[in-house]
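# Summary of structural features
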Amino acid sequence: MHDAPAFTEACLAASVRPGSRRDILALLNERLHPALRAIVAAEVASGSRVCDAGTDWPDTGSVHVTLDRHFDNRHAGAEVVFSPCDDPHYWHADYSTAEKPRHLLIC
């Protein structure tokens, strides 16, 4: 997958607190695994928005991102694994990188 263009405020959900916006954009643009960055770009282009992001979960050094709309397995490949969860206590599905640290995209 190719590197996605830089993310801007337009990719963020309205619910993201103003004080968190710059930090989330830095994670998306600088630290998120390129394969997941490309998936986030495709999902944002389809209307989804980033509603949360953080570091060091599920692995130390990793980045996790939450999107506000469900996605399916169409982006799965050698670099990312799709896993359905569909548990109302957690999330619908996720993509995780195959290599460590495992970066995670959740919906």
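Residues numbered from 1 in each chain as written. Predicted model: local features only at pLDDT ≥ 70, side-chain atom pairs only at ≥ 80, totals over all residues. Heavy atoms only, no water.

## What about the overall build of the protein chain?
Applied cut-off: Per the convention used, a helix needs a DSSP run of H or I reaching at least four residues, while a strand needs a run of E reaching at least two, with both numbered from the N terminus. Radius of gyration: over C-alpha atoms. The globule rule applied is 2.2 Å multiplied by the number of residues raised to the 0.38 power. Using a 1.4 Å probe on the protein chains alone, a residue whose accessible area is under 20% of its type maximum counts as buried, one over 50% counts as exposed, and one in between counts as partly exposed. Two residues form a contact once any of their heavy atoms are found within 4.5 Å. In these tables, accessible area is a Shrake-Rupley quantity obtained with a 1.4 Å probe, and a residue counts as shielded only by the protein chains included in the view. Only four residue types enter the tally: Lys and Arg on the positive side, Asp and Glu on the negative side; His and the chain ends are excluded. Each charge is placed at NZ for Lys, CZ for Arg, CG for Asp and CD for Glu.
In terms of helices and strands, the protein chain carries two helices and five strands. From first element to last, N terminus to C terminus, the protein chain shows the α and β order α-α-β-β-β-β-β. In summary, the protein chain has a C-alpha radius of gyration of 13 Å against a globular reference of 13 Å for 107 residues, a match within 12%. Seen along its three principal axes, the alpha-carbon backbone of the protein chain occupies a region of about 35 × 30 × 25 Å. Looking at the 107 residues of the protein chain, the share that counts as buried comes to 44%. Looking at the protein chain alone, contacts between residues at least 24 apart form 50% of all its contacts between residues at least 6 apart. As displayed, the protein chain has an accessible area near 5900 Å², and 50% of this comes from carbon and sulfur atoms. Charged side chains of the protein chain number 10 positive and 15 negative; the gap between the two group centres comes to 5 Å.

## Concerning the side chain of H33
To keep it simple, the criterion reads: As used in this structure description, the phrase polar contact means that two N or O atoms lie within 3.5 Å; if the pair is within protein, one of them must be able to donate a hydrogen and the other to accept it, and residues adjacent in sequence are counted only when both atoms belong to side chains.
Within the secondary structure layout, H33 lies in the loop between α1 (18-31) and α2 (34-45). Here H33 falls in the buried class, since its relative accessible area comes to 10%. At 3.0 Å, the side chain of H33 and the backbone nitrogen of A35 are in polar contact.

## Quick look at the environment of P101
Along the chain, the position of P101 falls in the loop between β4 (93-97) and β5 (104-106). With a relative accessible area of 30%, P101 lands in the partly exposed category. Distance in space between the C-alpha atoms of P101 and N29 is 17 Å, their sequence separation being 72 residues. P101 has contacts with D59, T60, G61 and S62, leaving out every residue within four places of it along the chain.

## Structural notes on the nonpolar core
Put simply, the test is: For our purposes a nonpolar core is just a set of buried Ala, Val, Leu, Ile, Met, Phe, Trp, Tyr and Cys residues, chained together by side-chain atoms within 4.5 Å.
With 26 residues, the main nonpolar core has C11, L12, L28, V40, V50, V65 and L105 as its most contacted residues. At the level of elements, α1, α2, β1 (50-55), β2 (63-67) and β4 are the ones that each hand at least two residues to this core. When residues in this core are grouped by element, the largest group, five residues, is from α2.

## Some remarks on α1
This is how it is decided: Helix span, expected: 1.5 Å multiplied by one less than the number of residues in the helix. The arc in question is the one traced by the directions running from the helix axis out to the C-beta atoms.
With 14 residues, α1 should reach 20 Å at 1.5 Å per residue; the first-to-last C-alpha distance of 20 Å fits that figure. Within the sequence span of α1, burial applies to S20, R21, I24, L25, L27 and L28. The buried residues of α1 occupy an angular sector of 155° when projected down its axis, which confines them to one face. Away from the buried face of α1 by more than 90 degrees, exposed residues G19, R22, D23 and E30 are located. The elements touched by buried residues of α1 are α2, β1 and β2.

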